[in-house]
Every structure is written in C-alpha cells, then in structure tokens.
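Chains, contacts and geometry: an overview
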Amino acid sequence: MLCANLEVPLDYQDRNGAVTNIFFAKLLGNGNQNTAQDIIFNPGGPGSSGVDYILSGGGDSILEKFAGNYNLVGFDPRGVNNSAQYGPLSCFPSPEARDEDSAVDRTSLETIYTDTFAKGQNCSNYNNNNPTRTRFSGTMAVVQDILYFHELYTSTRMNRNPKTEPIWYYGISYGTVIGQTLAAMYPSRVGRIIVDGNVNGAQHYTGYVPSDVDDADKTYQYFFKYCLEAGQLCPFNKGSRTVAEIETRFRNLLQRLDAQPLQIPSSDPTEAPSTITKSGFLSTSYQAFYGPKSGFNSVAKLAASYEQTYLNAAQQPQLSPRQVSELPDGNYDDAESGEVLTLVTCVDGWDRYPLTTFEEYNKAFINMTQVSFYGGENAVKSNVVMCAGMNIAPPPSQRFPGFTLGTVTANPVLFVNTMGDPITPVSSAKYMSQFFQNSGVLLEDTPGHGYGGIKSTCTDQFVQTYLRTGKVPPPGTICPPDR
C-alpha cells in the first residue's frame, strides 16, 4: 500500500492561488510493479471514500475480479474524509451547529419541500457569504484533479509522456458520473474506463435524477423470486408456492405497517421503543438491497418477524437490536457524508434544478411513485428534493458544458449494470452509452448495486477481456449469475 497527500489548485485557472488537498491510496497488485497498470477508482457518493474502501479490503475484491497485472488507486475527492484538510463541505460553521439544526419536517409533501427549500437557501447564503470551498468541489473539479494527479505521477516514470499517457479508471454509482465526465472532457486520454452501476449523468447535472427508480421494483422482484427458490432457507417463504404469493404477503405487511405501525421495545429500558412504519421499512429494505447477498436474508428476517407479530397481536416481535444492526448501512447515513452528497450534487446542478415550486415537486412525486411502487416515495422525499433552494455556483472553469452525442474516445468506454439495481438502472447505462461512440453495455441478470455482489463468471470474463484488449462485448450481451 502506498499513500500520498497531494496539494492541488483550488481553481486550475488560478494555479498560483489557493490550494486544497486530495488523499490517494494505491493498492499494489501481485504482478510485476514495473509493468503493472494503475487503475484510478472511486466507489460513489458523492461523499464515499475511495481510500477507506481500499483500506477496508474492498480493493482486494476488485483486483480479484479484474484478474490481471493491475494496481488500484483509490482517492478521496475534495472535502471528503482525508481530503478535508482545509475544511469539510458543509452548510454550517461547525459540526455542532449542524447537529443542532432541526430535522426536515416530514409531516407532508408540502412541508418537506418548503422546509428543504428554506434550508437550501440558508446553506447557499452561508457558503456564498463566507470563504468556504464548497463551490470548488463539483465533479468537474474532481475530474481535473484526476488529470492533474495522473500527469504528475506519470512524469515520475521513465519513458512515459504525461500529456499523452492514457488514463485507466473504474467508478461505481456516482463514480460513474466522474467516469462519464472524464471521458466527455478528455476523450483522447481514455485508456480504459469502466462505469459500473450507472447514474444518468445528464440528469445528475440538473440535480434531479428521476431515472434512479426505474429498476427499483425489479430489485424487489428478484427478492421475491430468490425467496421462493430458497424455500425454507428464506425466513419469509413460509411455504409460499408462487412469487406472486410472496409479493402479496409483502404488500399486505406494508399496508399493516402503514395503518398500524409497530412498536419495537429497546434492549435498553431507559430508551423509548422504535416505531416501524411502512416508509421506514421500505427505506431499510431499499438500502439493504444494495448488497443482496446479505441484504435479502436480513430483510426476509425482518418481514417474517413483523408479519408474525400481526398474526399474533399479543406476541412481541422476534427481533433483537443486533438483527437491526446487521442490516447494511446506506451510503450516506452519517451527517457529514450526507452533506457532501447534497452539496456536490447541487453545485453540479446549480442553475439547472427544475423543481423550483411545490407544484413541480408534487408532479415529480406522482410520476416517480407511478414508476416505482417500492422506491418512488422514499426517493422523492430524499435525493429528489435535496437541491430545493440551493444556489451555489462553481467557478466558470469548473462548469460542465454537457455531454455530446457520439463523442469519439481513444478507446471504448464500458458500461456495466445489473438488471435489478435499486438506484442506478439499466436505462441510465443505455442512455449514457449513446454519448460515446463505440462504447459497450454489459448487463448482468442479477440484483444489487454494482456487479459482483452475486458471482457471474460471464461478467468477470467480459470485463477482463475489455481490460486486456479494449474490446467491449457485443450489443445485447446479458450475463447470467453462477449457480
């Protein structure tokens, strides 16, 4: 493992001006380091730490999937984790002020919108009237940092031209927006770019991504299907004979939670019981389904426990605090990374956010809940509304001009997507692929956020071939999971 803390210009148009820091961690592969190819990596967010991802062992899994002579270079974008040396991205002057701020009033759609709008205005006023670095932290700045690091590092290696050396990159989730932007801004520098679990980058730059939920209900269909196939190994199966029967029971449970939320006693007698609502359970299951290998079983346990409680009203639910904690956390649960998610997204879409009135927001709610029964409501009440009232403009040098159809890259871009991704759907991969000539779309017939959560040798082989040769799979390629 090699680490570096690089100082970069806050604005590349003013290289003699203020600086900020970007922290990198390089995981060395098992091959010959004289010939190993470095692949720059970002796991998503905005707000996720590529350094922590590597340090926690995630990088080893990626290199194992790639199966070649590669190193993985993770980094923390501006204001994230180790790259917040000059201050975090925030709407508040201190963490204490942030923690003291009241939560958004979620009693109705209108209060969600008006409360978020007011907070967005306050956040913008704070950042526009104080010398913060938030406006310098959009995706264009991140891409410029990648190029700066790449050229600086290449200049230290023999027989390499830093101005022409191809860039290799792998991004997941929001990391795909970085990869898409990198390919759009510097097409002649594309060596290999794999974008996995694709965000609709064109929508991202408006601060409003309605396509997020296009495949959310498919994720739940995988859950019902796998639960049926698992038989009694699935706690929520309970002798069900069809997928439709399992889904009907699941929807009935949601109706009960909506009409009569459950009260779950705390293991600590001094703490109040937890209230389980329909919206809360859907949010929990939605986040858990990012990683279906463990998440499906965890949600099945919860659903079975809740269902049993309703079947016997006198019985307390068979649920312990440990079972709850075993559910995977969402990517942005903590306040600091949640602020980064909001601020980077809203800086990117600073003058394009379309939901400027409650009426427009309400239309988005209607449209997205029609697209997704399971994911639409939570998406509209969270990511969709977060840029309301925000107006933090990036400097002119960091404003993305947009994607151009048919952009010719030095090597093809590979778009990879599972077919049951709860937050980054197949439609986004296909839509963004059209902007890059000769790019390829590789689909995997599995659930989960990003490929690899469920093993598919077929997917691994196509990705490995692309890394070796630059050849993308034939159009229409769909890989099955291993059985």
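Every value quoted in this text rests on a predicted model; they were computed, and no experiment measured them.

In terms of helices and strands, the protein chain carries 17 helices and eleven strands. Taking 2.2 N^0.38 as the reference for a compact globule, 483 residues should give roughly 23 Å; the C-alpha atoms of the protein chain span a radius of gyration of 23 Å, in line with that estimate. Along the longest, intermediate and shortest principal axes, the C-alpha atoms of the protein chain span 75 × 55 × 40 Å. Per-residue burial over the protein chain gives 53% buried out of 483 residues. Sequence-distant contacts in the protein chain: of pairs separated by 6 or more residues, those separated by 24 or more amount to 74%. As presented, the protein chain carries roughly 20,800 Å² of accessible surface, and 51% of it is formed by carbon and sulfur atoms. Side-chain charges of the protein chain comprise 34 positive and 46 negative groups, with the mean position of each set lying 7 Å from the other.

So, about the UniProt feature "domain: Peptidase S33 tripeptidyl aminopeptidase-like C-terminal" (unreviewed entry) in the protein chain. Taking the numbering used here, the UniProt-annotated feature "domain: Peptidase S33 tripeptidyl aminopeptidase-like C-terminal" (unreviewed entry) corresponds to residues 378–479. Overall, residues 378–479 shows 24% helix and 18% strand. The separation of its end C-alpha atoms is 30 Å.

Another point: the packing of helix 8 (residues 216–230) against helix 9 (residues 243–259). At their nearest, the axes of helix 8 and helix 9 sit 9 Å apart, and the two run at 120° to each other. Taken together, the axis directions place helix 8 and helix 9 in an arrangement best described as oblique. The crossing of helix 8 and helix 9 is right-handed. Between helix 8 and helix 9, the contacting residues are Tyr-220, Gln-221, Phe-223, Phe-224, Lys-225, Cys-227 and Leu-228 on the first element and Val-243, Ile-246, Glu-247 and Phe-250 on the second. Residues of the contact of helix 8 with helix 9, tallied by class, amount to eight nonpolar, one polar and two charged.

This part takes up the packing of helix 4 (residues 109–128) against helix 14 (residues 358–371). Axes are the key here: two packed helices are described by the angle between their axes and the distance separating the axes. Contact geometry of helix 4 with helix 14 gives a least axis separation of 10 Å together with a crossing angle of 125°. The angle between helix 4 and helix 14 places the two elements in the oblique class. Two packed elements cross with a definite hand, and for helix 4 against helix 14 that hand is right-handed. Taking contact as the criterion, the partners of Leu-109, Glu-110, Ile-112 and Tyr-113 in helix 4 are, on helix 14, Phe-358, Tyr-361, Asn-362 and Phe-365. Looking at the contact of helix 4 with helix 14, its residues break down into six nonpolar, one polar and one charged.

On to the pattern of salt bridges, then. For the structure shown, the criterion picks out 17 salt bridges. The partner of Asp-38 in a salt bridge is Lys-26, with the nearest N and O atoms 3.2 Å apart. Pair noted here: Asp-38 is in strand 3 (residues 37–42) and Lys-26 is in strand 2 (residues 19–27), with a separation of twelve residues, a long-range link. A relative accessible area of 12% means that Asp-38 is categorised as buried. Looking at Lys-26, the relative accessible area reads 11%, which means it is buried. Between Arg-98 and Glu-339 there is a salt bridge, with the nearest N and O atoms lying 3.3 Å from each other. You can see Arg-98 sitting in helix 3 (residues 95–100) and its partner Glu-339 sitting in helix 13 (residues 335–348), a full 241 residues away along the chain. In terms of burial, Arg-98 and Glu-339 fall into one category: buried. Each member of the salt-bridge network shares a partner with another, and the members are Lys-26, Asp-38 and Arg-157.

On to the state of the cysteines. As enumerated under the stated definition, the model contains four disulfides in all. Note that Cys-91 is cross-linked by a disulfide to Cys-123, the S-S spacing being 2.0 Å. The sign of the -70° torsion about the S-S bond sets the Cys-91-Cys-123 disulfide as left-handed. Here Cys-91 is found in the loop between strand 4 (70–76) and helix 3, whereas its partner Cys-123 is found in helix 4, with 32 residues between them in sequence. Of the residues examined, Cys-91 reaches a relative accessible area of 18% and is grouped as buried.

Turning to the environment of Gln-461, a few remarks are in order. Along the polypeptide, Gln-461 turns up in helix 17 (residues 457–469). Exposure remark for Gln-461: the relative accessible area of 47% places this residue in the partly exposed category. The spatial distance from the C-alpha of Gln-461 to the C-alpha of Leu-233 is 31 Å, given a sequence separation of 228 residues.

Summed over all chains, the structure comprises 38 aromatic pairs. Directly above the ring of Phe-236 sits Arg-249, whose terminal nitrogen or CZ lies 4.1 Å from the centroid.

How each quantity is defined
- Residues numbered from 1 in each chain as written.
- Predicted model: local features only at pLDDT ≥ 70, side-chain atom pairs only at ≥ 80, totals over all residues.
- Heavy atoms only, no water.
- Helix = DSSP H or I, 4+ residues; strand = E, 2+ residues; numbered from the N terminus.
- Rg over C-alpha atoms; globule rule 2.2 N^0.38 Å.
- Buried < 20%, exposed > 50% of the residue type's maximum accessible area, 1.4 Å probe, protein only.
- Contact = heavy atoms within 4.5 Å.
- Areas by Shrake-Rupley, 256 points an atom, 1.4 Å probe, with all protein chains shown as cover.
- Lys, Arg positive; Asp, Glu negative; His and termini not counted.
- Charge placed at Lys NZ, Arg CZ, Asp CG, Glu CD.
- UniProt positions renumbered as here; feature names shortened; annotations may be inferred.
- Axes fitted to C-alpha atoms, helices over the stretch in contact; angles between N-to-C directions.
- Parallel < 35°, antiparallel > 145°, perpendicular 65-115°, else oblique.
- Left-handed = near helix turned anticlockwise from the far one by under 90°.
- Nonpolar A, V, L, I, M, F, W, Y, C, P; charged D, E, K, R; others polar.
- Salt bridge = Lys/Arg side-chain N within 4 Å of Asp/Glu carboxyl O.
- Disulfide = S-S within 2.5 Å.
- Phe/Tyr/Trp six-rings, centres within 6.5 Å; stacked < 30°, edge-to-face > 60°.
- Lys NZ or Arg CZ within 6 Å of the ring centre and 35° of its normal.

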